[in-house]
Amino acid sequence: MPLRPARRSAARRTSRTLAALAAMAVLLSLNMPDAGAVPPLGVTARAIPDATADRVGPLFAGGLGGGHFCTAAVVRSDGRDVIATAAHCVGDPQNTFFAPGYRDGRAPHGLWRLTGAFVAPDWTDGQDPDADLAFATVVRVEGGQGPYVEDAVGGFPVAAEQPGDAAVTIVGYPSTEDAPLRCANTTALYSGTQRRIDCPDLSSGTSGSPWLVAGAVAGVLGGHEGGGTDPDVSYSAVMGDRAVELYREAAGED
């Protein structure tokens, strides 16, 4: 007789323990990232909607109905209104529009018109591929929250002088796609002033896409061959002192 209450007590403790473990498993499953959400290195896939993708958007000619032809990304600045892209993407800034987070025909964070472009003299004078980088200021045309684009989606820091074998994530919009693609891989130096990466299907329209190292813009798709004639191999000019000076000019820093 005295043993029965002990067994019932043990059974109740076991039941409570199993219930607690089950609840913990549910909580862990909710907090654990989906391993399949991030593709392996060197694989290009549709980018999931997140804070990173929200800061990247296509550049349109004349508005959303004009078709997109390049990609840009919001970077941090005192004026909270600066984007980074390739210099060969900003030939007509007054007629160019930026839609951060654009997806499936919608611009959830508004449409922003370029108000000015900052490119290096080496690009203006001779389209030097080592200077194929631009920063531009934007102003809200419609939609979005707040008067400045950085208020709407945040901005990436800018990080120059990265190692030649840096791990880079690219987010960009091929002109035939209405959602961004993402690819990550280790880069290599093509030359002392150009970086290359092997990522498939980054075709026309991805020029200007940010090259992100640990969440900071360390380059943009462009440079050698305008970013590459093979959609499976892309290039970026190495960001050095000239790029930093250009960024500071656009950002209004002293």
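Read on for an overview of the structure. (Residues numbered from 1 in each chain as written. Predicted model: local features only at pLDDT ≥ 70, side-chain atom pairs only at ≥ 80, totals over all residues. Heavy atoms only, no water.)

### Some words on the overall build of the protein chain
Helix and strand content of the protein chain: five helices and 14 strands. Counting only residues that meet the buried cut, the protein chain has 43% of its 254 residues in that class. Pairs at least 24 apart in sequence give 67% of the contacts found in the protein chain among residues at least 6 apart. As displayed, the protein chain has an accessible area near 12,300 Å², and 53% of this comes from carbon and sulfur atoms. (Helix = DSSP H or I, 4+ residues; strand = E, 2+ residues; numbered from the N terminus. Buried < 20%, exposed > 50% of the residue type's maximum accessible area, 1.4 Å probe, protein only. Contact = heavy atoms within 4.5 Å. Areas by Shrake-Rupley, 256 points an atom, 1.4 Å probe, with all protein chains shown as cover.)

### A closer look at the sheet that holds strand 11 (residues 194-198)
The three strands lie next to each other as 10-11-14, forming an open sheet whose pairing is antiparallel. Of all strands in the sheet, those bounded by a partner on one side alone are strand 10 (188-189) and strand 14 (233-237). (Pairing = 2+ DSSP bridges.)

### Some thoughts on the state of the cysteines
Tallied over the full model, the rule gives two disulfides. The side chain of Cys-183 participates in a disulfide bridge whose partner is Cys-199; the two sulfur atoms lie 2.1 Å from each other. Taking the torsion about the S-S bond as the criterion, the Cys-183 to Cys-199 disulfide, at about -85°, is left-handed. Linking Cys-183 in strand 9 (residues 181-186) with Cys-199 in the loop between strand 11 and strand 12 (210-213), this pair joins segments that are 16 residues apart in sequence. Both residues of the pair, Cys-183 and Cys-199, count as buried. Assigning the bonded cysteines of the protein chain consecutive numbers by sequence position, one obtains the connectivity 1-2, 3-4. (Disulfide = S-S within 2.5 Å.)

### Section: helix 5 (residues 241-251)
Of the positions making up helix 5, those classed as buried are Ala-243, Leu-246, Tyr-247, Ala-250 and Ala-251. The buried residues of helix 5 occupy an angular sector of 130° when the element is viewed end-on, so they sit on one face. In helix 5, the exposed positions that point more than 90 degrees away from the buried face belong to Asp-241, Glu-245 and Glu-249. Elements that come into contact with the buried residues of helix 5 comprise strand 3 (68-75), strand 4 (82-85), strand 6 (111-119) and strand 7 (134-142). Looking one or two residues past helix 5, Gly-252 carries a phi angle of roughly 75°, positive in sign. (Arc of directions from axis to C-beta.)

### Quick look at unusual backbone geometry
A positive phi is found at Asp-104, a non-glycine position, where the angle reads about 55°. Looking at the element boundaries, Asp-104 is found in the loop between strand 5 (96-98) and strand 6. Even without being glycine, Glu-161 reaches a positive phi, approximately 60°. Residue classification places Glu-161 among the exposed positions, given a relative accessible area of 54%.

### Side note on the pattern of salt bridges
Across all of its chains, the model carries six salt bridges by this definition. Across the salt bridge formed by Arg-242 and Asp-122, the nearest N and O atoms sit 2.3 Å from each other. Remark: Asp-122 occurs in helix 3 (residues 121-126) and Arg-242 occurs in helix 5; sequence separation between them is 120 residues. Judged by its relative accessible area of 35%, Asp-122 falls in the partly exposed class. Note that Glu-253 is salt-bridged to Arg-248, the shortest N-O span being 4.0 Å. One network of salt bridges, with partners in common, ties together Arg-80, Glu-150 and Asp-151. (Salt bridge = Lys/Arg side-chain N within 4 Å of Asp/Glu carboxyl O.)

### Observations regarding the side chain of Thr-206
For Thr-206, the position within the fold is in the loop between strand 11 and strand 12. For Thr-206, the side chain forms a polar contact with the main-chain oxygen of Ser-203, separated by 2.8 Å. (Polar contact = N/O pair within 3.5 Å; in protein donor to acceptor, adjacent residues only side chain to side chain.)

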